[in-house]
Structure formats: structure tokens, C-alpha cells
Protein chains: 4
Amino acid sequence: MPPTTEQACFEAGIKFGSLYHQFAGTPVSPDSTRSLETAMAEAIENQPFCESVAVAIDDDRVADAIDHDNGYTELTGSLMTVEMRIAYEGVTARTRMEMEDGYPLMKLVAVAEAGE
Amino acid sequence: MPPTTEQACFEAGIKFGSLYHQFAGTPVSPDSTRSLETAMAEAIENQPFCESVAVAIDDDRVADAIDHDNGYTELTGSLMTVEMRIAYEGVTARTRMEMEDGYPLMKLVAVAEAGE
Amino acid sequence: MPPTTEQACFEAGIKFGSLYHQFAGTPVSPDSTRSLETAMAEAIENQPFCESVAVAIDDDRVADAIDHDNGYTELTGSLMTVEMRIAYEGVTARTRMEMEDGYPLMKLVAVAEAGE
Amino acid sequence: MPPTTEQACFEAGIKFGSLYHQFAGTPVSPDSTRSLETAMAEAIENQPFCESVAVAIDDDRVADAIDHDNGYTELTGSLMTVEMRIAYEGVTARTRMEMEDGYPLMKLVAVAEAGE
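The paragraphs below set out a description of the structure included in this document. Here the structure is a predicted model, which means the values were calculated and not measured.

Concerning empty space enclosed by the protein
Then step 1. As enumerated under the stated definition, the model contains one cavity of 30 Å³ or more in all.
Then step 2. Considered as a void within the structure, the largest cavity measures approximately 80 Å³ in volume.
Then step 3. Contributing to the lining of the largest cavity are A:His21, A:Gln22, A:Ala24, B:His21, B:Gln22, B:Ala24, C:His21, C:Gln22, C:Ala24, D:His21, D:Gln22 and D:Ala24.
Then step 4. Of all the secondary-structure elements, those providing two or more residues to the lining of the largest cavity are α1 (4-23) of chain A, α1 (4-23) of chain B, α1 (4-23) of chain C together with α1 (4-23) of chain D.
Then step 5. Classifying every residue of the lining of the largest cavity gives four nonpolar, eight polar and no charged.

The following block contains the structure:
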């Protein structure tokens, strides 16, 4: 069985893929960013080993993405920054999604065992 | 081109299918029902012709659906009641999803033209 | 209770919203368009009153949307054309999603009662 | 920056969360299991570092889950087995989702560096 640090990283990845593919495509406008941020964070925090999730949807980027008179766009990775902390059997994994070279990237930021 | 009343009903159906398949599968527990209700309503209200959406997730049914020590379940139609009002060129369509014979049913409740 | 023609249009809308929000966001490349088209059509044809669904994902548009060296993009309405036929108690509703003015639009094309 | 093995496990988790939350909720019946399996596998194989995905939806469990005269159910983890192989900079991670104690569990099966 893989070591605990690797299990923690696997769990951290699951949460990121879940958050992204559950909510990508959600209709969003500057009027509904706050409620969507909260719901996304609280939904994923329900998952096992998920200690905290912070979602920040960028109102300006949402406004810019609305190029039609409909008044809304669909949520994609380029409209938000996400940070998570996963705690798995004494190991903490911190992850982050942010824009890099114009593309949203999910990153494993740091992995630490308790006591380190 | 089909009459305005039929267009209104088509639009009303789109919103229901959207709401359901965007959010079904979301991890939910009694701690996160309120934020999910709000986000679902505000997200779908962004869509064209969608005047109002009310989502009520049933905390007791959510608690009952949690049959594992994980502490959460996934959102399905049997855990919520939804009401919507669509306004399309003078026609108002009211719709509702609720349990009937143990199964969640999406219903077209009433269609009215302005002045009626 | 609203007339059968309106119920048919409501059902037609549900199928469209379902198809869109279930599959929007799916990773897609020119290598996986055919399997995704088939799965989308067969999945939605399971729904009640849904007689036929045809999904055509445009390989050229998919290739153009891949602007990163990842080699894939996420499915959106602008990459596909969809046609459906719904049959509800003797009424047939035909619907279509296609690009119009650079934006994907879901349309109720025609509604006919049997014998018409 | 975390070591390559941990990055590989993070990537492996992302693919699992993506697959699950993109496709959970899809209408499915014994007639549409094969096309859905293929589309799920090919969609996720588009993602970076994803070498292979195998999805097996269990026709008997699908049939058992159809408890309504609608003739279909919605895809959940309890209806399928999934295996993936992720290759990240010389590290291979194998993962699997299967039923355990009546609950679908995503597991990191093995992690190996090239040459091992």
C-alpha cells in the first residue's frame, strides 16, 4: 500500500477534480458569485479528509467573459482561484488552482507530516 | 414558429433540466443545504426569461440519505423541492419539482398570458 | 392543467437543459468526439418521451478551441449542434441547438399534434 | 516543491474526481452502458498524464437500480468499476474505484518509479 503522504496527495487531487467538474458550466454573473463561492466550498468540505476550501470567483473576469446580452457566462477555471487543505492521517496537503500562462493550473503546493 | 405559450414552456423546461443536471451529484450534508439552495437559485436565475427560482433541500431527507460514516450524500431530486417562474414575452409559466409516488417529478403547473 | 402541446414543449426543454448541463465541461479532443456524441444521445434518449437525439460535435471547432499544449478543451455549446424529437401523448416537438450570431441557441423548431 | 511521486498521486486523484463528478447523474439504462463507458474513458484520457482509463458499468446493477417505470436510472459510483493508470515524469500511479462494504471507494493501488 502506498505511503500516507502519497495517499494524502491522491485525496487532494480527488477534491480538486470533484470541485471543478461538479461546478464548471454553472451559469454565473457578478450578482451570483458570492453564493456560488460559498456553496462550492461548503459542498467539497463535506468530502472526507477535506479540512478547508476557499473559492474566489473574480467579478471582473466574470463581467469580461459576458460578451453577449444574456447577462451571464458559464463558470470555468479561468474565472476563479481555489485553495484547499487536505488532512489525511497526520499528513497535510495544500493545493491551489490559479492562472499560469493564461491557463488555469491545479497545483500541489506543499505536503507536510505532523511534527514537521 | 410555435406560439409564445409553447416557447415559454420550452424555456421553462430548459431551466429545470439545467438546474437538475448541473447540481445533481453535489456533495451535501445538513450543514451545507442552505448555501447550496441559494447558489442553485441564483445560478439559474441568471438564465434568460427566468424570473424566480426557489430551492428547498430537505434536511431530514439529507440526514436519512447519509447511510455511511462519511457524513455526506450526493444531491438527487428526491432530496429537494424546486419552484420556478419563467416569463417569456408576456407569458408566465410556473413549474415545480416534488416527490410523487416516491419519485421526483418535474411539473408544468400553470401557464398564463398577461391580462389573463 | 396546461394543454398537451405545452406539456410536450416543457418536456422538450427539460431534455435540452439536461443534455447541456450534464455534459458541458467534458474534456474533448478530435479523438474523442464520436464516442461523446454517441453517449450523449443514448443517455438523453433514456429520458421519458425522448424519441431521438442527434449530437454532432464539430471536429474543426474542437481543434480550434485547443489553444494550449494540453491537447484538449472542454465541451461547450459552441462546439456542437443538437437535434431532438420529443413525443408526448400524441404531440411531437422538434428542437435544435445551433450557433446564431456567434452564440449557441436552443430553439423550439416545430410542434405538431398527431394527424396534423 | 513536492516530490514527483506525490505529484503523480495528486494528478491521479484529479482524474478520479473529474470522471466521477462529470458523469455522475447521467441517465443510464442497460441499453446505453457501453457507449457511456467508452465516452467516459476517452474523455478522461484527454487529460494530461492520463495514460489509460477503463470503465465497466454493471448492467445487472443498473437494471436493479431502475425501480420506476421510467426505464432508466442515474449513474452513481455504486454502478461501476473504474481503473486508471497515470504516468507523470517517470512515475506510474494506478488507481481503482470499486465497491467496498457497500460503498464505492476510490483507491490508490500502486505507485512505481520507472526502473523499479
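Looking at the sheet that holds strand β2 (residues 50-57) of chain D
Residues and elements named next belong to chain D.
Then step 1. With antiparallel pairing, the four strands of this open sheet are ordered in space as β2-β4-β5-β6. Each having just a single partner strand, β2 and β6 (103-113) make up the two edges of the open sheet. Adjacent strand axes in the sheet meet at a mean angle of 10° when their direction is disregarded.
Then step 2. Summarising the sheet, strand β4 (residues 80-88) and strand β5 (residues 91-100) pair through seven bridges and their orientation is antiparallel. Across the sheet, the residue bridging to Val82 is Met97, located in β5.
Then step 3. Relative to the sheet, α1 contacts β2, β4, β5 and β6, its axis offset from that of β4 by approximately 145°.
Then step 4. Where helix α2 (residues 33-45) meets the sheet, its contacts fall on β2 and β4, and the angle it forms with β2 comes to roughly 160°.

Thoughts on the pattern of salt bridges
Opposite charge on two side chains lets them pair, provided their charged atoms get close.
Then step 1. Counted by the stated rule, this structure contains 36 salt bridges over all chains.
Then step 2. Linked by salt bridges that have partners in common, A:Glu83, A:Arg96, A:Glu98, A:Glu100 and A:Lys107 make up one network.

Describing helix α2 (residues 33-45) of chain A
Then step 1. Here α2(A) contains 13 residues, and its C-alpha end-to-end distance of 18 Å stays within 8% of the 18 Å for a straight helix at 1.5 Å per residue.
Then step 2. The set of residues buried in α2(A) consists of A:Thr33, A:Ser35, A:Leu36, A:Glu37, A:Ala39, A:Met40, A:Ala41, A:Ala43 and A:Ile44.

Brief notes about the nonpolar core
Then step 1. Ranked by internal contacts, the top residues of the largest apolar core, which has 125 residues, are A:Met80, B:Met80 and C:Met80.
Then step 2. Residues in contact with B:Met80, not counting those within four places in the same chain, are B:Leu19, B:Tyr20, B:Met40, B:Val55, B:Ala56, B:Ile57, B:Arg61, B:Leu75 and B:Met97.

About the cut-offs
Once a new chain begins, its residue numbering starts again from 1 and follows that chain's sequence as written. Chain A is the first chain written and ligand 1 is the first ligand written, with later ones labelled in order. Side-chain atom pairs in this predicted model are given and counted only at pLDDT of 80 or more, local residue features only at pLDDT of at least 70, and totals for whole chains, interfaces and linings cover all residues. The side-chain figures draw on all heavy atoms in the structure; neither hydrogens nor water molecules are used. Any residue with an atom within 4 Å of a point lines the site, the site being either a cavity, points on a 1 Å grid over the protein atoms alone where a 1.4 Å probe fits but cannot get out, or a pocket, an open set with protein on both sides within 12 Å along at least 5 of 7 lines. Grid points are joined across faces, edges and corners, and a volume is the space filled by probe spheres set on the points. Helix and strand definitions follow DSSP, with helices as H or I runs of at least four residues and strands as E runs of at least two, each counted in order from the N terminus. Residue classes follow a fixed rule: Ala, Val, Leu, Ile, Met, Phe, Trp, Tyr, Cys and Pro count as nonpolar, while Asp, Glu, Lys and Arg count as charged, and any other residue, Gly among them, counts as polar. Strands are treated as partners if at least two bridges between them are detected by DSSP. Axis lines are fitted to C-alpha atoms, over the contacting stretch for helices. Their N-to-C directions set the angle, which ranges from 0 to 180 degrees. Note on contacts: a residue pair is in contact if any heavy atoms of the two residues lie within 4.5 Å. Put simply, a salt bridge is a Lys or Arg side-chain nitrogen that is within 4 Å of an Asp or Glu carboxyl oxygen. What a helix is expected to span follows from its residue count: subtract one and scale by 1.5 Å. Only protein chains enter the accessibility calculation, which uses a 1.4 Å probe; a residue whose area is less than 20% of its type maximum is buried, one above 50% is exposed, and one in between is partly exposed. We define a nonpolar core as any set of buried Ala, Val, Leu, Ile, Met, Phe, Trp, Tyr and Cys residues linked to one another through side-chain atoms lying within 4.5 Å.

Purely spatial values, then, with no claim about function.
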